[in-house]
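Secondary and tertiary structure notes
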Amino acid sequence: MRNISISLILAAVSIFCIQSCKTEISTGVLNTSATYPLSDKTDAKLELKIDVEYIISGPGAAAVRNINSAIILGLFGEKYGEMDIQEAVSAYSAAVSAEYREANRPLLEDSLFSSPAAMLNWSDWTQGAVSGTHGNILSYTVTKYTYTGGAHGMTSETTLNFDTDNGSLIGETELFQDGYEERLSTLLSLHLPEALQEPGDTAMLFTRDIRPNGNFRVSETGLTYIYNQYEIGPYVLGAVEVTVPWEELKDLLR
């Protein structure tokens, strides 16, 4: 048995203006929340939540299709790439719940296992949402939280950037001129202290000379790079987000 709640908002819930409102992109949201008990012999369970924003309309059908396909790959992985958003959510939910039970049911049958049911609880939360726009670029951030036992769960943020004219992905090589790495590294390192919550957090960093990692989003004010847990600092530091203003990047952009 499972407890599951699914809501699908088919109407546009957000409208983003791209290229000074020459193009409008509208989005919808699919929300799924489900609880999967491990067994009727225990209170242990998997909590699964999926909140996905996707494109309803934009500059053309091909661009919308390309963006949504890349969003599904970013959210769930390659084996879901040929599915539409509803199919991918259902298939991913089934796969995670099956993995949970396969991994943990043997522990219930192990007479040597005496830990409380809470030790067998898992969480899997997936969120995808538009996170910024600038010119003809739209940023979409995938946030994943997973807990499969142990001291703590893990959170990661990964951003996809799209050319809204055709729906293609934009990486650093499409955005910057050749030879951008060293100058961009200098700018990121310069703005790193601004991204830390407390001045003393600097002492926890693995390095103070950071490099572009391809994980960035755009806004009207600048370009923000995301460094996830353990990437440049310990777990307790969380994700570090470093923003460089567009004015400082103008000589590096194509």
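Before reading on, note that the structure itself is shown above.
The structure reproduced in this document is the subject of the present report. Numbering of residues starts from 1 in every chain and runs along the sequence as written. Residues qualify for local features only when their pLDDT is at least 70, as the model is predicted, and side-chain atom pairs are given and counted only at 80 or more; totals for whole chains, interfaces and linings, by contrast, use all residues. Side-chain descriptors were evaluated using all non-hydrogen atoms of the structure, hydrogens and water having been removed beforehand.

With respect to the nonpolar core
Soluble globular proteins tend to bury their nonpolar side chains together. Inclusion rule: Remark: nonpolar core denotes a set of buried residues (Ala, Val, Leu, Ile, Met, Phe, Trp, Tyr, Cys) joined through side-chain atoms within 4.5 Å. Between buried and exposed lies partly exposed: a residue is buried under 20% and exposed over 50% of the maximum accessible area for its type, with that area taken using a 1.4 Å probe on protein chains only. Numbering goes from the N terminus for both helices and strands, where a helix is a DSSP run of H or I of at least four residues and a strand is a run of E of at least two. Only heavy atoms enter the contact rule, under which two residues are in contact if any of them lie within 4.5 Å.
Judged by nonpolar contacts, the single largest core of 35 residues is most densely connected at Ile50, Val52, Leu75, Phe76, Ile85, Tyr140 and Phe162. It is helix α1 (residues 61-76) that contributes the most residues to this core, seven residues altogether. Residue contacts for isoleucine 85: discarding those within four places in its chain leaves Leu30, Val52, Ile72, Leu75 and Phe76. With 25 residues, the next largest nonpolar core counts Ile170, Tyr227, Val242 and Val244 among its residues.

Here's the deal with the pairing of strand β10 (residues 240-245)
Convention followed: Whether two strands pair depends on DSSP finding at least two bridges between them.
Taking every second residue as pointing to the same face, the buried face of β10 carries Val240, Val242 and Val244, while none of Glu241, Thr243 and Pro245 on the other face is buried. In terms of strand pairing, strand β9 (residues 222-227) meets β10 through six bridges, oriented antiparallel. Residue pairing across strands places tyrosine 225 opposite valine 242, the latter belonging to β10.

Topic: the pairing of β9
Burial within β9 is extensive, with six of its six residues counted as buried. Here three bridges tie strand β8 (residues 216-218) to β9, and the two strands are oriented antiparallel to one another. Paired with valine 218 across the strands is leucine 223, a residue of β9.

Points about the pattern of salt bridges
This is how it is decided: In what follows, salt bridge is the name for a side-chain nitrogen of Lys or Arg lying within 4 Å of a carboxyl oxygen of Asp or Glu.
All chains considered together, the criterion is met by four salt bridges. As a salt-bridge pair, arginine 254 and aspartate 178 come within 3.2 Å of each other at their nearest N and O atoms. With arginine 254 in the segment after α5 (246-249) and aspartate 178 in the loop between α3 (172-175) and α4 (181-195), this pair connects stretches of sequence that are 76 residues apart. A residue is classified by how much of its surface remains accessible, and aspartate 178, at 69% relative accessible area, is exposed. Two residues, arginine 217 and glutamate 241, come together in a salt bridge whose shortest N-O distance is 2.7 Å. Within this pair, whereas arginine 217 is found in strand β8, its partner glutamate 241 is found in strand β10, the two being separated by 24 residues in sequence. For glutamate 241, a relative accessible area of 28% gives the class partly exposed.

Points about α4
Test applied: By definition here, a helix of n residues has an expected span of 1.5 Å times n minus one. The angle separating two fitted axes, one through the seven residues that finish at a residue and one through the seven that start at it, defines the bend at that residue.
In this model α4 runs 20 Å from its N-terminal to its C-terminal C-alpha over 15 residues, within 8% of the 21 Å that 1.5 Å per residue would give. Where α4 bends most, the angle comes to about 25°, and this point is serine 189, followed within four residues by the proline proline 193. Those residues of α4 not exposed but buried are Leu184, Ser185, Leu187, Leu188, Ser189, His191 and Leu192.

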